[in-house]
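Results of the structural survey
Spelled out from the first residue to the last, the chains are:
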Amino acid sequence: MLRQQPQARVLAVNLPGHGGAPGDLAGLTIEACVSSVVAQVQAVGPERVVLVGHSMAGITLPGVATRLGEALVQHMVFVACCVPAQGQCVLDTLHQPMAWIGKRAARRSPVSPPLPRSVALWVFGNGLHRDQKRFLLSCLNAESTGVTLEPVDRSNLPPIARSWVMPARDRAVSPALQRRFIQNLGGVGEVHEIDTCHDIMISEPDKLAAVLLRCA
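Residues numbered from 1 in each chain as written. Predicted model: local features only at pLDDT ≥ 70, side-chain atom pairs only at ≥ 80, totals over all residues. Heavy atoms only, no water.

**Digging into unusual backbone geometry**
The test is simple: Strands here are runs of E lasting at least two residues and helices are runs of H or I lasting at least four, both read from the DSSP assignment and numbered beginning at the N terminus.
Of note, Ser-55 is a non-glycine position whose phi angle comes to about 60°, a positive value. Inspection of the secondary structure assignment puts Ser-55 in the loop between strand S1 (49-54) and helix H2 (61-68). Unlike most non-glycine residues, Ala-80 shows phi in positive territory, near 50°. Relative to the assigned elements, Ala-80 resides in the loop between strand S2 (73-79) and helix H3 (98-108).

Okay, structure coming up:
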């Protein structure tokens, strides 16, 4: 007789100003993102948590883990994340002159419009089939440029177990750059490489879920 496995609750959070959540993108900060995620997790009241972040969540996830603490957070999973070096910002991770151009553009406007559809598909969705491409395009949002200029601080990050999911065909955050980000993070326990694009949760949801279950 097979035993039924316990069910895990999944909480998909929206950052302020995203997905219909209230918030001002023009004034958004990393701390505001962290506080929003922490409040959403605490409202559920879990006993243990596996935190999963994708892409730009690399600047938010460490703060959430720090605030929630190692008594609650069991594991952190970074999925193709951007993790600047301590004290640097997202735009510092770009090569010159793109870092300079990006910072200049960000200072001119606090909010950037969604990427053009063709660019978004090339950067995020190489290899997606038609329905997956439609879904990706439906998820595009305007973004805050302020958080890309804000230095990150991981000085109080507790020693929580961490893993990395690396899409091998990522055009947004190349595998070479992801390896540099892993070093910025101080290393991870395991790296799970999957042959897919940046938006792995759309292209390979089953494979991503299998990794997350292993981490839990």
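What follows continues from the structure just given.
**Focus on the sheet that holds strand S5 (residues 162-167)**
In plain terms, the rule: Any two strands between which DSSP finds at least two bridges are classified as paired. Angular values range over 0 to 180 degrees, each being the angle between N-to-C directions of two axes fitted as lines to C-alpha atoms, with helices fitted over their stretch in contact. Note on definitions: a residue-residue contact is assigned when non-hydrogen atoms from the two residues lie within 4.5 Å.
In space, the four strands of this open sheet follow the order S1-S2-S5-S6, with parallel pairing throughout. What marks the edges here is a single partner per strand, and that holds for S1 and strand S6 (190-194). Mean inter-strand twist for the sheet, computed between neighbouring axes without regard to direction, equals 20°. Sheet topology places S1 next to S2; six bridges connect them, and they run parallel. Its bridge partner being in S2, Leu-51 is matched across the sheet by Met-76. Contacts from H2 reach S1 and S2 within the one sheet, and its direction differs from that of S2 by about 175°. Against the sheet, helix H9 (residues 205-215) touches S1, S2, S5 and S6, its axis set at about 170° to S6.

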